[in-house]
Amino acid sequence: MTQRAKTEVGGPEPDDGAANESAAGAAPGTATGPAHRGLTAAEVAERVTRGEVNDVPVRSSRSTADIVRSNVFTRFNAIIGVLFVIILIVGPIQDGLFGFVIVANTGIGIIQELRAKKTLDSLAVIGESKPTVRRDGQAAEIPTSEVVLGDVIELGPGDKVIVDGEVLESDGLEIDESLLTGEADPVVKQPGEKMMSGSFVVAGGGAFTATKVGREAYAAQLAEEASRFTLVHSELRTGISQILKYVTWMMVPTAVGLILSHLFTLNMPGDEAVRRMVAGIVPMIPEGLVLLTSVAFAIGVIRLGRKKCLVQELPAIEGLARVDVVCLDKTGTLTEGGMDVSDLRPLGGTDEGHLKQVLGALGASDPRPNASLQAIIDAYPADDHWRSTDALPFSSARKYSGAALEDPDGEHTTWLLGAPDVLLPSGDDALSEVDDLNAQGLRVLLLARAEQDLHDPSVADHVRPAALIVLEQRLRPDAMDTLRYFEEQGVQAKVISGDNAVSVGAVAGKLGMPGAESPVDARKLPADQDDMGKVLEEGAVFGRVTPQQKRDMVGALQKRGRIVAMTGDGVNDVLALKDADIGVSMGAGSEATKAVAQIVLLDNSFATLPSVVAEGRRVIGNITRVATLFLTKTVYSVLLAILVACCQIPYPYLPRHLTLLSTLTIGVPAFFLALAPNKERAKPHFVRRVMRYAVPSGLIVGLAAFATYLLARSHYTGPDALPAETSAATLTLFLSAMWVLAIIARPYTWWRVGLVLAMGLGFLIVLVVPWLQNFFDLKLVGTTMPWAAVGIAVAAATLLEIAWRVTGRRFPA
């Protein structure tokens, strides 16, 4: 451990009084008077006027312009826009209805994403970390965006360095720069050394002055900090993009084939040929699929926002639904943050009154106590006659803190406070008592007197145990139900804690967690990731885990093909949170954990996680359903276009027919199905799962419609035969596509049955209302061919049922 700096840049050596004040644990910026008073109000105003403000945009959401641009300027909007303009030129307007549908879809997408943005931005303000800035000699918390160049910013354990700067004061200040440099070991910072934004404090405290703010800061230059973080992979979005790419490739040759066959082989007029070509191309485009995916994500964000859950990356909702292992930090997740001292057990005949005074002085020596030390401070107030002459902040890596104290008689002693199994040699008599307490789920700290200098690397090797401090942890009342939910959903929970393994196991056991009876001491874990992965698969509770080990454990599970979520609130969880597939931070957690997590639980409730999982499953399950609907249409549209071109016959449909069918069999029902409740477990291979049903369904529907068309061509004759042929083919296509909808709508509920019946009623109204018949150019002629069309549709429905059952058995996802 490097010696703590005693002087400050640009200042004189402190006098004895100042040294004693600092040693007593006075935080920078308190009434004792800091050496660096910070900027004055006038200086702050001047810098704001010059624009020297930390104006990095909030990470949580896109700008309004980005949302509008991403919804309007899409590949398919461009294609459909061109086709719409063509139809407006050749007419009639009925064949351009698909253009108005796209305008409505785009509007809905923009409105929903703007609602989600509003929710995200309001939650981001609630969850935003507020750095402590020293101005006019007083320390106060201010929003990150109000920090200006030259501000003096105070730091403590878990704080994130929000701007670049230079260290002014250091009190054992250890900085982790791994998110920026990849170097895992903390760096001890001395006055005068540089600080980089994006790093965070792992131990100690201090202050630094801001030298670069806003977009000039190092982290801002790395794309507002996010580019160094692993973005959440969205299989839904990747899969849909892949599907759209294939559709685009198919559209161009199909369009060329249709227009050439209609113009030159069938000698149709130009306007009629164009309408038939557009009718063949438009239904190939799954135009609403991208919209519904965006809307489903946006509404998921809004629903979770109502539960005080900030989703910093939208696909994180989907990612958590796919997770099969959740790694939990005990403190702050299974237990509440606070603790209570339940017992003080002197060792070796030490006077209990003296011990309480020592503990009070130890508590006063740390300006930013952790939960354990805070419990001690609450139980044993400081005696004003004791002074701290030096302090060693707590570190998760070493598992202890310490202080050099001067008692009222002027005697100097050095004390350590930390984990008994770290400070005591194995086999020590006190450890058996510790084990008994840990087995009851209690947390135990050892107070020991050290013989060596506080900053000697071997200070913990030779200590004299003085007392055991027994702490009682407060279990979260909702933790048991949450663990039970994960167990029922097939998600393995792993408790990974820095505390004693037996104690952690006892806490987990009280919550009914499977495997809690066999806790594992992480100090005995193999270093090799493959071997470590095997132990992790078998165990459920792990204690004495170092921050680097947490990261290694996440990596070992991922190497075995597991999708890992990591929850945590402390600075020791940051590395693991960053590397996990999904990082979940508590709102009251350190700034560093909230910065790297994709999901922040602002109400600090572990019980919110099932809601996130359920929301993700709703999105994935429903989008998979509606994607099957859209791609069934794409498949039968491609098939019909190919068959028509090969047979050298007119394309049977006009754009208005397919707009009507798409609206009733896909557009309207897909919107309701995409937002419906869905508790299906998320499954991988989105594209494969969708196409295994869409391809056979599309082939059956397309062949049925084409068969009716061919039959109608032989049945009807005369110059007006094509509209009658189209009407019969449209009836078969509608009924067959409706059966696909009926299959996808299962399992049936009252509203799903009502939805299917309402769509059928809509088509029936079109067939019987004269002005709608004329508008859509749909009129069934005679009785023979319409009933034949119904019969072919019934046969298609039978084949669809068989295909879905066979596909589900032979090609499971």
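Our structure is the block above this text.
Read on for an overview of the structure. Along every chain, residues carry numbers that run from 1 in the direction the sequence is written. A pLDDT threshold of at least 70 governs which residues receive local features in this predicted model, and a stricter bar of 80 or more applies before side-chain atom pairs are shown or counted, although totals over entire chains, interfaces and linings include all residues. Just so you know, side-chain values use all the structure's heavy atoms and leave hydrogens and water out.

1. Examining helix α17 (residues 501-510)
Step number 1: With a 1.4 Å probe rolled over the protein chains alone, any residue whose accessible area is under 20% of its type maximum counts as buried; one over 50% counts as exposed, and the rest are partly exposed. Starting at the N terminus, helices and strands are each numbered in turn, a helix being any DSSP run of H or I of at least four residues and a strand any DSSP run of E of at least two. Of all 10 residues in α17, seven are buried, a share of seventy percent or more.
Step number 2: Along α17, the residues that are buried comprise Ala501, Ser503, Val504, Gly505, Ala506, Val507 and Ala508.
Step number 3: Count one or two residues on from α17 and you reach Gly512, which has phi positive near 75 degrees.

2. Describing the sheet that holds strand β8 (residues 309-311)
Step number 1: Paired strands, in this sense, are two strands between which DSSP finds at least two bridges. Strand order across the open sheet formed by eight strands is β8-β21-β20-β19-β9-β16-β18-β17, with mixed pairing between neighbours. Either end of the sheet is taken by a strand with one partner, and the two such strands are β8 and β17 (520-521).

3. Examining the packing of aromatic side chains
The way to describe two aromatic rings as a pair is by their centre distance and the angle between their planes.
Step number 1: Note on aromatic contacts: the rings of Phe and Tyr and the six-membered ring of Trp form a pair at centre separations within 6.5 Å, being stacked when their planes are under 30 degrees apart, edge-to-face when over 60 apart, and tilted otherwise. For the structure shown, the criterion picks out eight aromatic pairs.
Step number 2: For Arg398, the ring lying beneath its charged end belongs to Tyr400, and the centroid distance is 6.0 Å. Ring-over charges, as used throughout, are those where CZ of Arg or NZ of Lys falls within 6 Å of the ring centre and within 35 degrees of the ring normal.

4. With respect to unusual backbone geometry
Step number 1: The step from Arg746 to Pro747 runs through a cis peptide bond, and the omega angle for that step is -5 degrees.
Step number 2: Residue placement: Pro747 occurs in the loop between α25 (721-744) and α26 (750-768).
Step number 3: One non-glycine residue, Arg544, lies in the positive phi region at around 55 degrees.
Step number 4: Here Arg544 lies in the loop between β18 (541-543) and α19 (547-559).
Step number 5: Positive phi outside glycine occurs at Asp777, with the angle close to 55 degrees.
Step number 6: Summarising the element assignment, Asp777 is placed in the loop between α27 (770-776) and α28 (784-810).
Step number 7: The exposure class of Asp777 is partly exposed, given its relative accessible area of 28%.

5. Looking at the side chain of Glu174
Step number 1: Here Glu174 lies in strand β4 (residues 164-176).
Step number 2: Think of a polar contact as two N or O atoms within 3.5 Å of one another; within protein, one of them needs to be a possible hydrogen donor and the other a possible acceptor, and neighboring residues in sequence only count if both atoms come from side chains. Only 3.4 Å separates the side chain of Glu174 from the side chain of Arg398, close enough to count as a polar contact.

6. Re the nonpolar core
Step number 1: Ranked by internal contacts, the top residues of the largest apolar core, which has 93 residues, are Ile623, Val626 and Phe763.
Step number 2: The biggest single contributor to this core is helix α22 (residues 609-647), with 15 residues.
Step number 3: Contacts: residue pairs with any heavy atoms within 4.5 Å of one another. Ignoring any residue separated from it by four or fewer positions in sequence, one finds Phe763 in contact with Leu660, Leu661, Leu664, Thr730, Leu731, Phe734 and Leu778.
Step number 4: Take the buried Ala, Val, Leu, Ile, Met, Phe, Trp, Tyr and Cys residues and link them wherever side-chain atoms come within 4.5 Å; each set so joined is a nonpolar core. Core analysis: the second largest hydrophobic core is formed by 38 residues, Leu320, Val323, Val326 and Val495 among them.

7. Quick notes on the pairing of strand β1 (residues 132-135)
Step number 1: Alternating positions in β1 separate into two faces, Thr132 and Arg134 on one and Val133 and Arg135 on the other, with burial throughout.
Step number 2: With three bridges connecting them, β1 and strand β3 (residues 152-155) associate as antiparallel partners. Along β3, the bridge assignment pairs Val133 with Ile153.
Step number 3: For β1 and strand β2 (residues 138-141), the ladder comprises four bridges, and the chain directions are antiparallel. Bridged to Val133 within β2 is Ala140.

8. A word on the pairing of strand β19 (residues 564-568)
On a regular strand, each side chain points to the face opposite its neighbour's, so the side chains alternate between the two faces of the sheet.
Step number 1: Within β19, five of the five residues are buried, leaving the element largely enclosed by the surrounding structure.
Step number 2: Burial along β19 is two-sided: the face carrying Val564, Met566 and Gly568 and the face carrying Ala565 and Thr567 are both buried.
Step number 3: Sheet analysis places strand β9 (residues 325-328) next to β19, joined by three bridges and oriented parallel. Paired with Cys327 across the two strands is Met566, which belongs to β19.
Step number 4: For β19 and strand β20 (residues 582-586), the ladder comprises four bridges, and the chain directions are parallel. The residue bridging Gly568 from the neighbouring strand is Ser585, located in β20.

9. Examining the packing of helix α10 (residues 287-305) against helix α23 (residues 655-674)
Step number 1: It is the contact of α10 with α23, at a shortest axis distance of 10 Å, that shows an interaxial angle of 25 degrees. For the element pair α10 / α23, the angle class is roughly parallel. For the pair α10 and α23, the sense of crossing is right-handed. Contacts between α10 and α23 involve Leu292, Val295 and Ala296 from the former and Ala670, Phe671 and Ala674 from the latter.
Step number 2: Looking at the contact of α10 with α23 residue by residue, the class counts come to six nonpolar, no polar and no charged. Working convention: axes come from line fits to C-alpha atoms, limited for helices to the stretch in contact. Angles between N-to-C directions cover 0 to 180 degrees. Put simply, angles under 35 degrees are roughly parallel, angles over 145 are roughly antiparallel, angles from 65 to 115 are roughly perpendicular, and the rest are oblique. For any pair of crossing helices, the crossing counts as left-handed if the nearer helix is rotated counterclockwise from the farther one by less than a right angle, and right-handed if it is rotated clockwise. In the scheme used here, Gly and all other residues not listed as nonpolar or charged are polar, with Ala, Val, Leu, Ile, Met, Phe, Trp, Tyr, Cys and Pro taken as nonpolar and Asp, Glu, Lys and Arg as charged.

10. Describing the pattern of salt bridges
Step number 1: Salt bridges are identified by distance alone: a Lys or Arg side-chain nitrogen within 4 Å of an Asp or Glu carboxyl oxygen. The final tally for this structure, using the stated rule, is 31 salt bridges.
Step number 2: With a shortest N-O distance of 3.1 Å, Glu154 and Arg134 are connected by a salt bridge. Note that Glu154 is positioned in strand β3 and Arg134 in strand β1, a separation of 20 residues in sequence.
Step number 3: Glu352 is paired through a salt bridge with Lys356; the nearest N and O atoms lie 3.6 Å apart. With a gap of four residues between them, Glu352 and Lys356 both fall in helix α12 (residues 352-364), about one helical turn apart.
Step number 4: For Lys356, a relative accessible area of 34% corresponds to the partly exposed category.

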